[in-house]
Amino acid sequence: MERRNFVRNTALGFTSFLVFPRLVASNNTASSTYAQLIPIHENPGQIRHGLLQLPQLDTPTPVLSFDWLKDVSRNVFFKNGFGASMGKEDMEITSILLENKDHNWADAIQIQQKQEATVILTQEREWQCKHHQNEIILLQNNRHQAINFSFGNLNHSARHLYSPSGKREVFIYLLAGIIKVNGRLLEENVGLGLQTGDAVVFEAVRKSQFVLMEKPFSRPY
Amino acid sequence: MTKLRSIKQIIPADKVNMGGILLDQPLPYRGIDQIDPFLLVHHLHKKFPGGQQQRDVGVPPHPHRGFAPVTFIFQGGVHHRDSMDKSSIIYGGGTQWMHAGKGIVHSERPPKAVAQEGKDWELIQFWVNVPAKYKMTDPAYLPLSYEDTPSVNSNDGKVEIGVVTGNFKGIQGKIEAFSPILALRLNFEKDGKVNIPIPQNFNAFVYQLDGKLTVNGAQETKAKDLTWLENDGDSITLEACENTRAILLAGEPINESVATYGPFVMNTQSEILKAMQDYQMGVMGQLSEKFD
């Protein structure tokens, strides 16, 4: 994974939109300070055997947006192990390794994209997130570990306002589709790291699924 | 009165590229996902050029869960290291039978001398599925050298049969599998002939590394062929037209759903996700290889 330089993002729009009740807008007007785009490369299609390209918790990993975001890896496992894709019978898995050393906590979240749903596995449980919903759903509110985890499914042209309480470090990873985040275009398999206390505007250019992880602001990056 | 099994299909191995390692793969094959309980057969034969370090060759650390990867070594050797702190080299004629169980991380490399001196490296690895109730048991590594492998010669003295697991005419293999398996290593001199009893309910096949065989006096098979047998009899006769090496694998089918993706073999895709998570969290252990 390549590391891009942080880009100062000062141009924040605040547009009228539909507010979904699950994440309510606040009046925090602190400006967003940093944003970083992270292209997430897909590992070569995995035929059956070994050579799994996936870091473990103790594996040193390149620095991503935040020190609690250890790694994002994408793997495609061919169903027949034959070296050729079997389409929907293959398993496409995005693995996100999170660690919060302050709370002695870690998780290796596994995300499998299927036709009609996205399966998300955390240490606590497995979710089947259907793609007919048009919202961002908070899946896990880790009060003690302080990293919250949400899944978003937005239909074409849908807009959603995400309003953090206080300044937060936010990582958004687009699984499928095309969205704009605060006007910045994100295409598939790209991550975006934001430090912000302002609302984040999501706009689906196409029907899109994404995950959103966020934690209280800890330090400037 | 024995009845010879007929041939269901002869499968010529396909060449596959496993991350830069070219090998022959007769199973899985074009719509044939498994021959229950066998999920995969890989035949690797290469010659190292010499002057290489062991750390730079072979297959680096990777995990497995839920089945038994088994390696028959034919030339060179395989240096196995794993997250249970096992480090062992088995040379030609020997076997490494690993039960991955709930998870293990291991590496498989040629011995240092093979990499440095430039020697032939030939092995077959096959994957044996295990019943669901044993998939999450403790892992185990079972090395078996050539010298420790029970063997017997055919009546004509021209076929050496190594019994790795299961029973061949009273000779019991030393490896205990989690379901009934017969695994034999066969070395034929030209014109050598052997009849091999196989329980009728076992799925069975023969894979040839080289040479020419005649199956049941009728069908010729060649190098890199996998001869899949019907379950319509209880034995097979093999005769060599030239010096030939082959393996025979037979096993009682497990008849459970199989989710085999990457290095994991479980029953559902959810369990595959769990295996990925457990691997990343270090539940399967870690392997730091130590090289001389």
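This text follows the structure it describes.
Scoring rules and cut-offs
Counting of residues starts from 1 at the beginning of each chain's written sequence and follows it residue by residue. Chains carry letters and ligands carry numbers; both start at the beginning, A for chains and 1 for ligands, and go up in the order they are written. Reporting of local features is limited, given that this is a predicted model, to residues whose pLDDT is at least 70; pairs of side-chain atoms are given and counted only at 80 or more, and all residues count toward the totals for whole chains, interfaces and linings. Numbering of helices and strands runs from the N terminus; a helix is a DSSP stretch of H or I covering at least four residues, while a strand is a stretch of E covering at least two. Strand pairing requires that DSSP identify at least two bridges connecting the strands. Fitted lines through C-alpha atoms give the axes, limited to the stretch in contact for helices. The angle between two N-to-C directions lies from 0 to 180 degrees.

### A short note on unusual backbone geometry
- Between L27(B) and P28(B) the backbone carries a cis peptide bond, its omega angle lying at 0°.
- That bond from D36(B) to P37(B) is cis: its omega, 10°, falls within 30 degrees of zero.
- By the secondary structure assignment, P37(B) is in the loop between strand 3 (21-27) and strand 4 (38-47).
- The phi dihedral of S157(A) falls on the positive side, at around 75°, and the residue is not glycine.

### Description of the sheet that holds strand 3 (residues 69-77) of chain A
Residue and element names in this part refer to chain A.
- Strand order in the open sheet formed by five strands is 3-4-5-6-7, with antiparallel pairing between adjacent strands. For this open sheet the edge positions go to strand 3 and strand 7 (126-130), each flanked by a neighbour on one side alone. Put simply, the sheet's adjacent strands are angled 15° from each other on average, direction ignored.
- Pairing analysis gives five bridges linking strand 6 (residues 117-121) to strand 7, with the strands arranged antiparallel. Looking at strand 7, one finds that L121 is bridged to E126.

### Quick notes on the pairing of strand 5 (residues 105-113) of chain A
Residue and element names in this part refer to chain A.
- Across eight bridges, strand 4 (residues 91-100) lies against strand 5 in antiparallel orientation. If you follow I93 over to strand 5, its bridge partner there is Q112.
- Linking strand 4 back to strand 5 in an antiparallel pair, the connection comprises four residues, with N104 at a positive phi of about 50°.
- Where strand 5 folds back onto strand 6 in an antiparallel hairpin, the turn is made up of three residues.

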